[in-house]
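Overview (structure and organization)
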Amino acid sequence: GCVISPPLTLGQTQTRLVTRAADLSSSLEGVSRSVGPSVVEIFTTSFLAGERVVPRAADLVTTQRASGSGVIVDPDGYIITNAHVVRGAQRLRVEIPVPATGHSILATNSRTVNGQIVGMDLETDLALIKIDEHNLPALAFADSDELQAGQIVLAFGSPMGLHNSVSLGVVSAVARQLEPESPMIYIQTDASINPGSSGGPLVDLRGRLIGINTLIVSRAGGNEGLGFAAPSNIVRTIYQQIRKTGQR
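None of the values given here were measured: they were computed from a predicted structure.

1. Considering the overall build of the chain
The number of helices and strands found in the chain is three helices and twelve strands. The burial tally for the chain puts 41% of its 248 residues in the buried class. Restricting to contacts in the chain with at least 6 residues of sequence separation, those with at least 24 account for 62%. Carbon and sulfur atoms form 52% of the exposed surface of the chain, whose accessible area is close to 13700 Å².

And the structure:
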C-alpha cells in the first residue's frame, strides 16, 4: 500500500530551508569563482577635435577616456564586448584578472595589456577585440533559446569602475523587443546592471554565457531592475562572422 510520511516539524522544515539556501549560496560562489577569471575591464582613449571656433593650441585635441567590460570567449585572446564600449577608440587597454596566490579579500590581482578591435556590428551593438595572449580562461556559450522567465542568472562586469562585480537576478523576459520595428531582441533581467557593466557576461548557474549585458532603461541613470542583454545565440553568430570576415 501507499506509505504516508509523517508531517515535518517546524524545526525540520527550518533545517531543510537552511540547507537548501546554503546549497544555493555554495552554487553561486562556485559560479562566481569559475566565471570571474574570464571577465575583463576595458579602457579606451579617444582623441577628439577641439570645439572652439578659434582654438588655443591646448584645445586643438581633447582626450576622452571611458571604460566598460568584456568576456573572454576563446583562450587565444578573443574578447566579446559592446560596440559602444570601443567605438571610436584610438587606444584600447584590457585589464585581465590574475589568479590570486594568497588569501587576501581586499585586492584582486590583474595585469593590463594592449588590445585591438577585430570588428564591430552596430545593429546588435557587439564588438570583438583581440589581445596577444594565450591559454586564457574562456566561457562556453549556452543556448539562449532554452532560457525561461524566472531562471536565476548572474551579471558580471565593472559597474562604475568597480572591477569584477557580480549581481544576482532572474530572467524577466526571454525575448524583449525594445522598438516595434527593431530586428534585435534582448534578454530582460533584474540582475543589477549599471554604467560600466556594458559588455560583461550574463551567465546561468552552470557558468555558461547566456548573454552580453548591453543596456539599461532608467529614469535616474542607475539600475531600476530593467537590464537588457544580447542573447548568446546572437552573440555567438556575430562572433563567428566577425572572426571569419572582420568588420560586418
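Having seen it, we continue.
2. Concerning the packing of aromatic side chains
For the structure shown, the criterion picks out two aromatic pairs. Ring geometry for Y186 and F228: centres 6.4 Å apart, planes at 75 degrees, overall edge-to-face. Remark: F228 occurs in strand β12 (residues 227-231) and Y186 occurs in strand β9 (residues 186-189); sequence separation between them is 42 residues. For the pair Y186 and F228, a shared accessibility class is recorded, and that class is buried. Just above the ring of Y78 sits the side chain of K130; from NZ or CZ to the centre is 5.3 Å. Over the face of the ring belonging to Y78 we find R243, whose NZ or CZ atom lies 3.9 Å from the ring centre.

3. Focus on helix α3 (residues 232-245)
Structurally, the α-helix is built with 3.6 residues per turn, so residues lying three or four positions apart point the same way. Spanning 14 residues, α3 covers 20 Å between terminal C-alpha atoms, matching the ideal 20 Å at 1.5 Å per step. For α3, the set of buried residues is S232, N233, V235, I238, Y239 and I242. The inward-facing, buried residues of α3 abut β2 (61-74), β3 (78-82), β5 (110-121), β6 (126-131), β11 (209-216) and β12. Phi turns positive, to about 85 degrees, at G246, one or two residues after α3.

4. Quick word on the nonpolar core
Residues V73 and I80 are the most contacted members of the largest nonpolar core, which totals 25 residues. Those elements that provide at least two residues to this core are α1 (10-35), β2, β3, β6, β7 (152-157), β11, β12 and α3. The residues touching I80, leaving out its near neighbours within four places in the chain, are G70, V71, V73, A127, L128, G199, I212, V235 and Y239. Grouped together as the second largest cluster of nonpolar side chains are 16 residues, I72, I79, V85 and I131 included.

5. Observations regarding the sheet that holds β7
What holds strands together in a sheet is hydrogen bonding between their backbones, with the strands either parallel or antiparallel. Spatially, the six strands close up into a barrel ordered β7-β8-β9-β12-β11-β10, and their pairing is antiparallel. Across the sheet, the mean angle from the axis of one strand to that of its neighbour is 45 degrees, orientation sign disregarded. By the bridge criterion, three bridges tie strand β10 (residues 201-203) to β11 in an arrangement that is antiparallel. Bridge pairing in β11 links L202 to G211.

Cut-off values and rules
- Residues numbered from 1 in each chain as written.
- Predicted model: local features only at pLDDT ≥ 70, side-chain atom pairs only at ≥ 80, totals over all residues.
- Heavy atoms only, no water.
- Helix = DSSP H or I, 4+ residues; strand = E, 2+ residues; numbered from the N terminus.
- Buried < 20%, exposed > 50% of the residue type's maximum accessible area, 1.4 Å probe, protein only.
- Contact = heavy atoms within 4.5 Å.
- Areas by Shrake-Rupley, 256 points an atom, 1.4 Å probe, with all protein chains shown as cover.
- Phe/Tyr/Trp six-rings, centres within 6.5 Å; stacked < 30°, edge-to-face > 60°.
- Lys NZ or Arg CZ within 6 Å of the ring centre and 35° of its normal.
- Expected span 1.5 Å × (residues − 1).
- Core = buried A, V, L, I, M, F, W, Y, C linked by side-chain atoms within 4.5 Å.
- Pairing = 2+ DSSP bridges.
- Axes fitted to C-alpha atoms, helices over the stretch in contact; angles between N-to-C directions.

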